[in-house]
Amino acid sequence: MGVSPAAARMLQRLAEHHGPLMFHQSGGCCDGSSPMCYPVGMFRLGASDVLLGTLEVDGIEPVRVHMSASQFEYWKYTHLTIDLVDGRGSGFSVEAPEGKRFLIRSRMLDDSELEAFGLA
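Per chain, the residues get numbers from 1 upward, laid out in the order the sequence is written. Whole-chain, interface and lining totals are the exception, using all residues; otherwise, since this is a predicted model, local features are given only for residues with pLDDT of at least 70 and side-chain atom pairs are given and counted only at 80 or more. Side-chain descriptors were evaluated using all non-hydrogen atoms of the structure, hydrogens and water having been removed beforehand.

Please clarify how the pattern of salt bridges should be interpreted in this entry.
In a structure, side chains of opposite charge can pair up when their charged atoms sit close to one another. One side-chain nitrogen of Lys or Arg within 4 Å of one carboxyl oxygen of Asp or Glu is enough to make a salt bridge. Enumeration over the complete set of coordinates arrives at 5 salt bridges. Across the pair E73 and K76 runs a salt bridge, and its minimum N-O distance is 3.2 Å. Under the scheme applied here, a residue whose accessible area is under 20% of the maximum for its type counts as buried, over 50% as exposed, and between as partly exposed, the area being computed with a 1.4 Å probe on protein chains only. Assessed through its relative accessible area of 22%, K76 is described here as partly exposed. Measuring nitrogen to oxygen at the nearest pair gives 2.3 Å for the salt bridge that ties D86 to K100. Here D86 is found in strand β6 (residues 78–86), whereas its partner K100 is found in strand β7 (residues 100–108), with 14 residues between them in sequence. The helix and strand labels rest on DSSP assignments: H or I over at least four residues marks a helix, E over at least two residues marks a strand, and numbering proceeds from the N terminus.

So this is what it looks like as structure tokens:
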């Protein structure tokens, strides 16, 4: 899992204002398929949500990234990078008022990564 430089800078700005942050990626269409960023404690995780890992960004607490289990089944063979683009998504993700939105870029895991995760 990774974070682009633009997304990392936005997370630093958002953490200054909102405190510790987290992401949740659900399945679905439209903005339901965008990663949503929330202050820790403002989104209630479900029993079937999977912790994908954490994003290490200089100067802020690690940002935990969660995904619904059903979505994880589709994406477990991919490396995910959270990026930031212009445009405003809908929903309650904290970057929306900035005129930006987070999105996930993905690529297939290579053979060594598949082996490291026990997916080979």
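Can you walk me through the pairing of strand β2 (residues 21–25) in this structure?
Consecutive side chains of a regular strand alternate in pointing toward one face of the sheet and then the other. Among the 5 residues that make up β2, 5 are buried, leaving the element largely enclosed by the rest of the structure. Side chains L21, F23 and Q25 of β2 all project onto a buried face; the interleaved residues M22 and H24 project onto the opposite face, where all are buried too. DSSP calls a pair of strands paired once it identifies at least 2 bridges connecting them. Sheet analysis places β2 next to strand β3 (residues 36–39), joined by 4 bridges and oriented antiparallel. Within the sheet, the bridge partner assigned to M22 lies in β3 and is Y38.

Can you walk me through the sheet that holds β3 in this structure?
Hydrogen bonds between backbone atoms are what pair the strands of a sheet, whose relative direction is either parallel or antiparallel. On the basis of which strands lie adjacent, the open sheet formed by 4 strands has the order β3-β2-β5-β4 and mixed pairing. Both outer strands of the open sheet, β3 and β4 (49–55), are each paired with one neighbouring strand and no more. Across the sheet, the axes of successive neighbouring strands diverge by a mean angle of 25°, strand direction being ignored. Docked against the sheet, helix α1 (residues 5–18) engages β2, β3 and β4, running at close to 120° with respect to β2. All axes are obtained by fitting lines to C-alpha atoms, using only the stretch in contact for helices, and the reported angles, taken between N-to-C directions, cover 0 to 180 degrees. Any two residues having at least one pair of non-hydrogen atoms within 4.5 Å are treated as being in contact.

How do you make sense of the sheet that holds β6 when you look at a structure like this?
Taken together, the 3 strands give an open sheet; going across it, the order is β1-β6-β7, and neighbouring strands pair in mixed fashion. The open sheet terminates on both sides in strands that have one partner only, identified here as β1 (2–3) and β7. Both β6 and β7 contribute to a ladder of 9 bridges, which runs antiparallel. Bridge pairing in β7 places T78 opposite M108.

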